[in-house]
Amino acid sequence: MMNSPAFEVPVSADGVNPLDESRTVSGLDWLCVAYLGLPVLLFFFTWLRLDVGGVLALLFVMGCIVSLSGTSSTSRGLTRGQWLAVVVVAIAWAMLGGAGHVFYANYFDWHVRDAVLLDLTRHSGPFVLRAADDIQLLFRSPLAYYLVPAYLARALGEGGSAQFLLLAWTAIGVALFFAQVVVRARSVRDMTVMLVVVVAFSGMDWVGGIVAGHPQPLLSTEHLQWWATLFQYSSNTTLLFWVPNHALPGWFLAAFLYVRWSDPRAVRMVPFWLAVLPLWSPLTAIGCIPLLLALVWRHRGARRDLIAMICAGALFLLPALASSAYLVLDAASVPASRGESIFNAPFMRRYVMFVVLQFGLLWICLWRMRADVLLAIAGAVLLALPLFRFGPNNDLVMRASIAPLMVVGLAAADRLCALDWSVKAARDQGMTIVVLLALGAITPAHEIARSLLEPRWTASTTTTAYIETLGAPHYFARLEGSLFERLLAEPIILPAPAVLPKQNIQMP
């Protein structure tokens, strides 16, 4: 009933991918590593003292070389037609998402995002705001998404180019992610299915609103994702349109795992992911850790690759610790919980509705068609996350779910591509998946409609992250003489401007 899986990497008995006789790293692998790693290098060279940052950058580059040495590409590469398709779709999706303000950008999140980009364009290193009572607040946030476009704009001497560069940077990231997804497509049909499923993938939020007793219109520009009120698993389009900085690293990791799952040499890259993910999105990284551990466990018998992983880990250790130390400065001030108890019937009813409609029904269908460990681990993470609380909008659930949800989405595309549609039983299974995906696609349709129908607005050229976030602890850490502060480059000291409270602000 099923042909060979579209995403499964064929391996011989010794674990070698027979499609890659040269066992060389593909250009796509290098591009993905460069995309994720370049911002980390910029952070070391500009936000830390030159002597410290230089050593960390050298260790980081050496770790990348060790991680990639001995690994092999998973295909012969994309054709020109495939590259053209992924680039066109990536540019269109990124523009609709709000980057560059070509179309409407979701107001609250992009106001903050624009301000962060503008601050990083103005200041090429750490900056501190001197607030009331002589409190010093260091700008502390995951910076990786912004650093390359911000520093390019600064180098060009044209602050207005920052928005265009951020759009270009976003589109490049989406295109590289798409390239990883379609790299093993066997036909135009397979590639089309993969791209459509990725863009349209979502839980059944519209159905959830009906079940929860507050139905939303089928055709509108409403945001449907908070139907469960306590937690949200965002659609792929929602993630790109609201939080591309969190989405991209999780998507890269999910695609890497799905394509490389059967290749033991993939474990060499585990330390790289643990080193780069936090500076992109620490909450996204949390959801990736169980998936990476499962990869290591799967290939626990590949002694040579595990040794290479340990060597790479030794090189990445200090760079990873430095990035993490920056991100956890004054972390205790970040709101950690909204205090709801999970030991009550109303919560459990809402929890069950949420997991069933957001991924559960689809997951069961996929599992019945073909059971695999990666899908099992992704499902376990998605079952567990709603039981935890972190952040004012329960940010942990929204961000840590990004990679596991993409694994489920890729599994859905994989199963659809591998089905033998001439067999009735297989056709029935495929139609069930199509119906579930179509009901979920209502959510991205609403997001795209809002982007097209709402009026576009221009990014401010005067605001700051401090004003837009009201100095929120998500973005600003009190300096209290910690050891890490001695490693920072000399910060720029700025007076903290007076800010007025904002209504209904949402922190990305």
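Residues numbered from 1 in each chain as written. Predicted model: local features only at pLDDT ≥ 70, side-chain atom pairs only at ≥ 80, totals over all residues. Heavy atoms only, no water.

(A) Representation of helix H14 (residues 345–369) within the structure. At Phe359, H14 is deflected by roughly 55°, the largest bend along its length. Capping of H14 at its N-terminal end is provided by Asn344; its side-chain oxygen lies 2.8 Å from the backbone amide nitrogen of Phe347. (Bend = angle between axes of the 7 residues up to and from the residue. Helix = DSSP H or I, 4+ residues; strand = E, 2+ residues; numbered from the N terminus. Polar contact = N/O pair within 3.5 Å; in protein donor to acceptor, adjacent residues only side chain to side chain.)

(B) Here's a closer look at the packing of helix H15 (residues 373–384) against helix H17 (residues 402–418). Where H15 meets H17, the closest approach of the two axes is 9 Å, and the angle between their N-to-C directions is 140°. With respect to each other, H15 and H17 are oriented oblique. H17 is crossed by H15, and the crossing has left-handed handedness. Here Leu374, Leu375, Ala378, Val381 and Leu382 of H15 lie close against H17, whose contacting residues are Pro404, Leu405, Val407, Val408, Ala411 and Arg415. Here the residues of the contact of H15 with H17 are counted per class, giving ten nonpolar, no polar and one charged. (Axes fitted to C-alpha atoms, helices over the stretch in contact; angles between N-to-C directions. Parallel < 35°, antiparallel > 145°, perpendicular 65-115°, else oblique. Left-handed = near helix turned anticlockwise from the far one by under 90°. Contact = heavy atoms within 4.5 Å. Nonpolar A, V, L, I, M, F, W, Y, C, P; charged D, E, K, R; others polar.)

(C) Summary view of the pairing of strand S1 (residues 127–130). Judged from the four bridges that link them, S1 and strand S4 (residues 492–495) form a sheet pairing that is parallel. Among the inter-strand pairings, Arg130 is bridged to a residue of S4, identified as Pro495. Bridge analysis of S1 against strand S2 (residues 136–139) gives three bridges, and the strand direction is antiparallel. Bridging across to S2, Val128 finds its partner in Leu138. Once S1 ends, the chain turns through five residues before running back antiparallel as S2, passing Asp133 with a positive phi of about 60°. (Pairing = 2+ DSSP bridges.)

(D) A look at the layout of surface pockets. Space inside the largest pocket adds up to approximately 690 Å³. Lining the largest pocket are 31 residues, and of these Pro142, Pro282, Leu283, Leu327 and Phe390 lie nearest its centre. For the lining of the largest pocket, the element with the highest residue contribution is helix H12 (residues 282–298), accounting for five residues. Class assignment for the residues of the lining of the largest pocket results in 21 nonpolar, six polar and four charged. (1 Å grid on protein atoms, 1.4 Å probe; cavity = no way out; pocket = protein on both sides within 12 Å on 5 of 7 lines; lining within 4 Å. Points joined across faces, edges and corners; volume = space filled by probe spheres on them.)

(E) Geometry of the packing of aromatic side chains. Within the structure shown, the criterion is met by 32 aromatic pairs. With a centroid separation of 6.4 Å and 45° between ring planes, the pair formed by Phe60 and Phe272 is classed as tilted. Here Phe272 lies in helix H11 (residues 270–280) and Phe60 lies in helix H2 (residues 50–68), a separation of 212 residues in the sequence. Relative to Tyr146, the ring of Tyr145 has its centre 5.1 Å away and its plane inclined at 75°; by these criteria the two rings are edge-to-face. Lying across the ring of Trp297, Arg300 places its NZ or CZ 4.1 Å from the centre. (Phe/Tyr/Trp six-rings, centres within 6.5 Å; stacked < 30°, edge-to-face > 60°. Lys NZ or Arg CZ within 6 Å of the ring centre and 35° of its normal.)

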